[in-house]
There are 2 protein chains.
Amino acid sequence: MSAETPRRGRRGSRAQAGLNQPPFGQVERLYAPVEVLSADQVEQIHRAALRLLAVTGMRILESGARALYKAAGCEVSGEDVRFPEGLVEARLATVPARFTLRARNPARNLTLGGGAHIYASVGGPAYVMDNERGRRDGSYAEMCDFLRLVQSLNVLHQEGGGPFEPLDLPAATRHLDIYHAQVTLLDKCWQNQTLGRLRTMDGIEIQAMALGLKLEEMAATPSLMGIINTNSPLQLDIPMAEGLIAMAEHGQVNVITPFTLAGAMSPVTLAGALMQQHAEAMAGIVLTQIVRPGVPVLYGGFTSNVDMRSGAPAFGTPEYTKAAQASGQLARRIGVPFRSSNVCAANEVDAQAAYESQMALWGAVTGGAHLINHAAGWLQGGLTASFEKLILDAEMLQMMEAWLTPIEVSEAALALDVVAEVGPGGHFFGTDHTMARYERAFYAPLLSNWDNHPQWLERGGVEARARAGQIWKQMLADYEQPALDPGIAEELEAFIRRRKAEGGAPMN
Amino acid sequence: MSAETPRRGRRGSRAQAGLNQPPFGQVERLYAPVEVLSADQVEQIHRAALRLLAVTGMRILESGARALYKAAGCEVSGEDVRFPEGLVEARLATVPARFTLRARNPARNLTLGGGAHIYASVGGPAYVMDNERGRRDGSYAEMCDFLRLVQSLNVLHQEGGGPFEPLDLPAATRHLDIYHAQVTLLDKCWQNQTLGRLRTMDGIEIQAMALGLKLEEMAATPSLMGIINTNSPLQLDIPMAEGLIAMAEHGQVNVITPFTLAGAMSPVTLAGALMQQHAEAMAGIVLTQIVRPGVPVLYGGFTSNVDMRSGAPAFGTPEYTKAAQASGQLARRIGVPFRSSNVCAANEVDAQAAYESQMALWGAVTGGAHLINHAAGWLQGGLTASFEKLILDAEMLQMMEAWLTPIEVSEAALALDVVAEVGPGGHFFGTDHTMARYERAFYAPLLSNWDNHPQWLERGGVEARARAGQIWKQMLADYEQPALDPGIAEELEAFIRRRKAEGGAPMN
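Residues numbered from 1 in each chain as written. Chains lettered and ligands numbered in written order. Predicted model: local features only at pLDDT ≥ 70, side-chain atom pairs only at ≥ 80, totals over all residues. Heavy atoms only, no water.

Student: Give a description of the interface of chain B and chain A that names residues and reports values.
Tutor: If you look at the interface, chain B gives 147 residues, while chain A gives 149 residues. Carbon and sulfur atoms supply 65% of the area that chain B and chain A bury against each other, a total of about 12700 Å² over both sides. At the surface where chain B touches chain A, the tally comes to two salt bridges. At the boundary of chain B with chain A, the tally comes to 32 residue pairs in polar contact (both at pLDDT 80 or more). Tallying contributions element by element places helix α10 (residues 351-366) of chain B first for the side of chain B that touches chain A, with eight residues. Among the residues forming the side of chain B that touches chain A, the class breakdown is 74 nonpolar, 45 polar and 28 charged. (Contact = heavy atoms within 4.5 Å. Buried area = accessible area lost by both parts, 1.4 Å probe. Salt bridge = Lys/Arg side-chain N within 4 Å of Asp/Glu carboxyl O. Polar contact = N/O pair within 3.5 Å; in protein donor to acceptor, adjacent residues only side chain to side chain. Helix = DSSP H or I, 4+ residues; strand = E, 2+ residues; numbered from the N terminus. Nonpolar A, V, L, I, M, F, W, Y, C, P; charged D, E, K, R; others polar.)

Student: Which residues make up a negative patch on the surface, and what values go with them?
Tutor: A cluster of acidic residues, A:E411, A:D417, A:E421 and A:D432, forms a negative patch on the protein surface. In this fold, A:E421 is placed in helix α13 (residues 416-422). (Patch = residues over 30% accessible without salt bridge, like charges linked within 9 Å, V, L, I, M, F, W, Y side chains within 5 Å. Areas by Shrake-Rupley, 256 points an atom, 1.4 Å probe, with all protein chains shown as cover. Lys, Arg positive; Asp, Glu negative; His and termini not counted. Charge placed at Lys NZ, Arg CZ, Asp CG, Glu CD.)

Student: For the relation of the copies chain B and chain A, give the residues involved together with the corresponding values.
Tutor: You can overlay chain B on chain A at an RMSD of 0.0 Å; the transform is a turn of 180° with a shift of 0.0 Å along its axis. Classification of the inter-copy transformation places it as that of a two-fold axis. Among all residues of chain B, the one whose C-alpha sits closest to the rotation axis is B:A351, at a distance of 2.0 Å. Most of the interface of chain B is mirrored in chain A: 100% of its interface residues are interface residues there too. (Least-squares fit on C-alpha atoms with pLDDT ≥ 70 in both.)

Student: I'd like a rundown of the sheet that holds strand β10 (residues 225-228) of chain A, residues and numbers included.
Tutor: Residue and element names in this part refer to chain A. If you trace the seven strands from one edge of the open sheet to the other, you get β6-β18-β17-β14-β12-β10-β9, paired in parallel fashion. Since the sheet does not close on itself, it has two edges, and those belong to β6 (118-121) and β9 (191-192), each with one partner. Where strand β17 (residues 338-341) meets strand β18 (residues 371-376), three bridges bridge the pair, whose relative direction is parallel. Of the residues in β18, the one forming a bridge with S340 is I372. (Pairing = 2+ DSSP bridges.)

Student: Tell me about the pattern of salt bridges, and please be specific about residues and values.
Tutor: Between side chains of opposite charge, a pair can form when the charged atoms approach closely. Scanning the model with the defined rule gives 48 salt bridges over all chains in all. Notably, a salt bridge pairs A:R498 with A:E502, separated by 2.8 Å at the nearest N-O pair. Since its relative accessible area comes to 41%, A:R498 is described here as partly exposed. Using a relative accessible area of 48% as the deciding quantity, one classes A:E502 as partly exposed. Two residues, B:R47 and B:E89, come together in a salt bridge whose shortest N-O distance is 3.8 Å. Of this pair, B:R47 sits in helix α1 (residues 39-55) while B:E89 is found in helix α3 (residues 87-92), placing the two residues 42 residues apart along the sequence. (Buried < 20%, exposed > 50% of the residue type's maximum accessible area, 1.4 Å probe, protein only.)

Structure follows, in structure tokens:
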């Protein structure tokens, strides 16, 4: 037994924590990113991807997009678009490295690029889940509760595009109700739905109203993000192309994210999957710059591997982590801000969910990601949004932000005189140096319990998953809806009424 | 809903995994470490620590150690030892940057230094815990079971000095039984107990027998490690000084680890705690080089923070992570191999245990640690060794090793021709490129379950903590004791009988 493994009973007592949250804000990342590829390897992958775009190209299913590529100098034959040498790099040159996203509450405006990064809540799962009711179809009321928590969690900068499907609402108009919830229950930035032009435009029009802008003023006001997944390998389908074009036309931010699962939709080798991802991402990014040179756009890295026994996607694997860090290097190579994610395959909010998410998060954060998508709430490979996972992730994100806050090194912090004064065998609890700093010296957890074991048992032995359930319920009870100008509220409702009457945006 | 958050039922089926383990071995770390301090800040901390040693110095309670410091040129007054300018850096110059640790099975020999790192199992807790029996006093039989698992887990390179106290054995001779178990149930390297000379020498003599060496031959054969905690602030107590000297005299590896909890035994500021850690570590390292110039030694970083509401140590905090990475920088500054740890404060093997351990592990691994101590099995701030945490940690360590294995970038891996051949809209499952590689392409988990949710429920909905319980029981049933020469076995038993008859090593 050594001093670092203390004898029984040594740890002290303390009351259960309340809801500890740092204020809303962005922490600048000052540490250098982790590089898992050499500069030569980055170049090798980049060159191979350019060659793939020149020789094989992309299948572009939407004719308007093909016409845009053609007008810009691409070779179009049938549905296939090939990119002549030099065109891609010339078009990438207009991508902005840093920009601001406008929220309806100016205090929630966001910077993106450089060291400024954004955590967005989970977007798009089919199911919802919590401790009491298990996994189930989601309703609109529950979705609104989830959004209230996203608003309440200060560490979340942006809402991620609807946390799960409210299956009690009709499919063709559901997006309008989701937008209404996003724009009224939150005053943070949110993500648009970009499946088809109608749906995309509805989101842009609604956000224009929320910001008090005319639609044409949106072009100069990046505010919404939208995820554009290529249909890997090497395809861009019609709804995604329409969404991309509508977003770019109106100055909004596309996040071009190939869905390159190594061993399924891309080569089983990570280098091959990354090369394909890079090619598909560049093809999409180029299209945004053709539509509107200078419009903000992100490079999405989502490469993971499948479980080769089942073909099911795996997440938060070591391959995922490496791919995230390598993707960051590839995005920096072409000067485009980088999006990664916080993902896992776990079925429950257990140790597996935590370590898979940590593997993904460390990949994203040390990979230099500017947008960490699905940063909170993602479970079961993205099929499910979990209320408890939302809280678990918020804790892990808060810890990341505290880690990103650099160590202060100054004469006062070094405290040479204090150590000399306390001297051998003393202690620092009562010193002025400690007393002046202790309240803000260390990260205070939201979810972690630091009781000693007897106390912990006495208080019910509540594990992290159950504590997360207590926390979101308390947070939901404490939620206050952000104010919205009554005129804008009315305008929004009228718009939604009209669009519903028109039939919304039917899926084909 | 986007492509990355799939609709229901998409994930495939697969049988429950067996016990997936890569073979025993060391993965070279090729990535650059994460640096949270600038070079100037490292220098500032280093200079302040040297100044602290020169002006205030250390209280050295053991007279033999004081005499050694004095003979080497330190100023000794009473129990206080001060280090004149230049002495510390001159003595640090003889520390080897890389060395080999000999195991009784040569296939388990270990390299340490550069990119070569070692994962050691938890050492020293008071209690043991598992899912069925909860936390309790440990017995020798249970301790032997824990050691059998440490032997069986290939990712663990080294046993960590006795996983918990076997309280059914008498205190004065318990260490002899622990050594006997370490040396017979495992053929891996193990850690010695270094509380007092007698106990330390018993370990060295036993390992000499196990290696078939004379005691005097041990000086040229680094094999055992021993943790030396300074009694922070600025003290080295008698048992630890005796252990350090005995280890160094016999060519064995001290791991000098100040126990600097920011806000308790060191300043509340991380820079202050690190400065004090650095001073104390250098004082201990210098003593090893005075005893035996060139003897291998490690710089231990264990700085964490306390929970300021209770004074209890917290582990796996963002401060811990930063301190680990900063400690790596400080250790590299003085050219001494670096030790960090995988620690947490959680009471159960839940999501908190996983994310706290991940925060610690990422700090250790990206901090460039050469020894990751307590790498598997640590729970409850080091008070408890957990059978299930052992398995959880083994999974997380296996994932780290897979992450540390670089992405292969070659023409074959880039697979440009394969992507071109599969073409837009195709898939890669059946290609020759995939078929030739899929069995070894990705990390195969030990603990993670990748079933889809319906299957997972059908198979009992077993969470990670319960699965870990199933795994260690299966592993224990499969355990095979490594062979030991009968002559050596007899010699060991005779030695232990004699030392027990002599009364062992009574604690004062």
